[in-house]
Amino acid sequence: PCMASNFSSLGVDGLPAGGSDQGWAGLARDVAVAKKDAYGQTVSTDSASLLQAFAGAAGLGLSGVTIAQMEAGVASFSVGVLPVYTEVSYSRGVSRTSAPPLVYFSGMDSEAVLNQVMHSTPAEFHLASGASACPAGYVLDLATLPVRGPRAPQRRQAVGPRPAPR
């Protein structure tokens, strides 16, 4: 019979990929992270390793479920990003973040003899921008942080979309 070999990489599925697949600041997405062997097969024997989601850019925050245990080689997360905005203008259709919101996953391989560290490649959490920065019925809730840059009078981090007041 064919058997999966040892850990080789982490495969990430579910992050917004861009184009018509956009995420929103503060709203979590379901993300599956699979432990893969050298042949790209899921190492389904692992139901003990723990993985954690990390922000790959300074100032970026994460929300939702950011720590998960593998079940049959797959860890399930519900992750959102809280980016730092340098400019937000609904009238001009502009919303810019200070850096691309990158997310990666890491943890110890419980099946390895020497507890090998597993890392995914940092991947961008593509955010909707401009007038589409939030889904219909939501507003972007910003918390004021220290001043940053000559064009941005205030640095703002998204606290997350909130339902619009009625």
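In this text the structure is predicted, and so the values were computed from the model without any measurement.

S.K.: What's the story with unusual backbone geometry in this structure? I'm lost.
M.R.: Most of the time, phi is negative for any residue but glycine, and the peptide bond is trans. For A72, which is not glycine, the phi torsion reads 55° and is therefore positive. Note on placement: A72 falls in the loop between β5 (67-69) and β6 (74-82). Classification of A72 by relative accessible area gives partly exposed; the value is 40%.

S.K.: Would you take a moment to explain the side chain of E87 for this structure?
M.R.: Following the sequence through the fold, E87 ends up in strand β7 (residues 84-89). Its relative accessible area of 18% is what places E87 among the buried residues. A distance of 2.4 Å separates the side chain of E87 from the side chain of R96, its partner in a polar contact.

S.K.: Before we go on, may I ask you to explain the sheet that holds strand β2 (residues 29-37) in this structure?
M.R.: Strand pairing in a sheet relies on backbone hydrogen bonds. The paired strands run either parallel or antiparallel. Read across the sheet, 4 strands follow the order β1-β2-β6-β4 without closing on themselves; strand pairing throughout is antiparallel. Strands with a single pairing partner mark the edges of an open sheet, and in this sheet they are β1 (7-13) and β4 (61-65). The sheet shows a mean angle of 35° between the axes of neighbouring strands, direction not considered. Here 5 bridges tie β4 to β6, and the two strands are oriented antiparallel to one another. The residue of β6 that forms the bridge with G61 is L82.

S.K.: What am I meant to see in empty space enclosed by the protein here?
M.R.: If you roll a probe as big as a water molecule over the atoms, it shows you where there is empty space left. Scanning the entire structure with this criterion turns up 1 cavity of 30 Å³ or more. The computed volume of the largest cavity comes to approximately 50 Å³. Around the largest cavity, the lining residues are A57, A58, G59, L60, P83, V84, T97, S98, A99, P100 and P101. For the lining of the largest cavity, the residue count by class is 8 nonpolar, 3 polar and no charged.

S.K.: I would appreciate a short explanation of the pattern of salt bridges in the present structure.
M.R.: Close approach of charged atoms allows side chains of opposite charge to pair. What the rule picks out here adds up to 6 salt bridges. The shortest N-O distance in the salt bridge between D46 and K35 comes to 2.8 Å. With D46 in the loop between β2 and β3 (50-55) and K35 in strand β2, this residue pair connects regions lying 11 residues apart in the sequence. Looking at K35, the relative accessible area reads 1%, which means it is buried. Of the charged contacts, one joins D109 and K35 as a salt bridge, the two residues approaching to 2.6 Å between their closest N and O atoms. Taken together, the positions of D109 in the loop between β9 (102-108) and β10 (117-119) and K35 in strand β2 put the pair 74 residues apart, joining distant regions of the chain. Bridged by salt links that share partners, the residues K35, D46, D109 and E111 form one connected network.

Basis of the calculations
Residues numbered from 1 in each chain as written. Predicted model: local features only at pLDDT ≥ 70, side-chain atom pairs only at ≥ 80, totals over all residues. Heavy atoms only, no water. Helix = DSSP H or I, 4+ residues; strand = E, 2+ residues; numbered from the N terminus. Buried < 20%, exposed > 50% of the residue type's maximum accessible area, 1.4 Å probe, protein only. Polar contact = N/O pair within 3.5 Å; in protein donor to acceptor, adjacent residues only side chain to side chain. Pairing = 2+ DSSP bridges. Axes fitted to C-alpha atoms, helices over the stretch in contact; angles between N-to-C directions. 1 Å grid on protein atoms, 1.4 Å probe; cavity = no way out; pocket = protein on both sides within 12 Å on 5 of 7 lines; lining within 4 Å. Points joined across faces, edges and corners; volume = space filled by probe spheres on them. Nonpolar A, V, L, I, M, F, W, Y, C, P; charged D, E, K, R; others polar. Salt bridge = Lys/Arg side-chain N within 4 Å of Asp/Glu carboxyl O.

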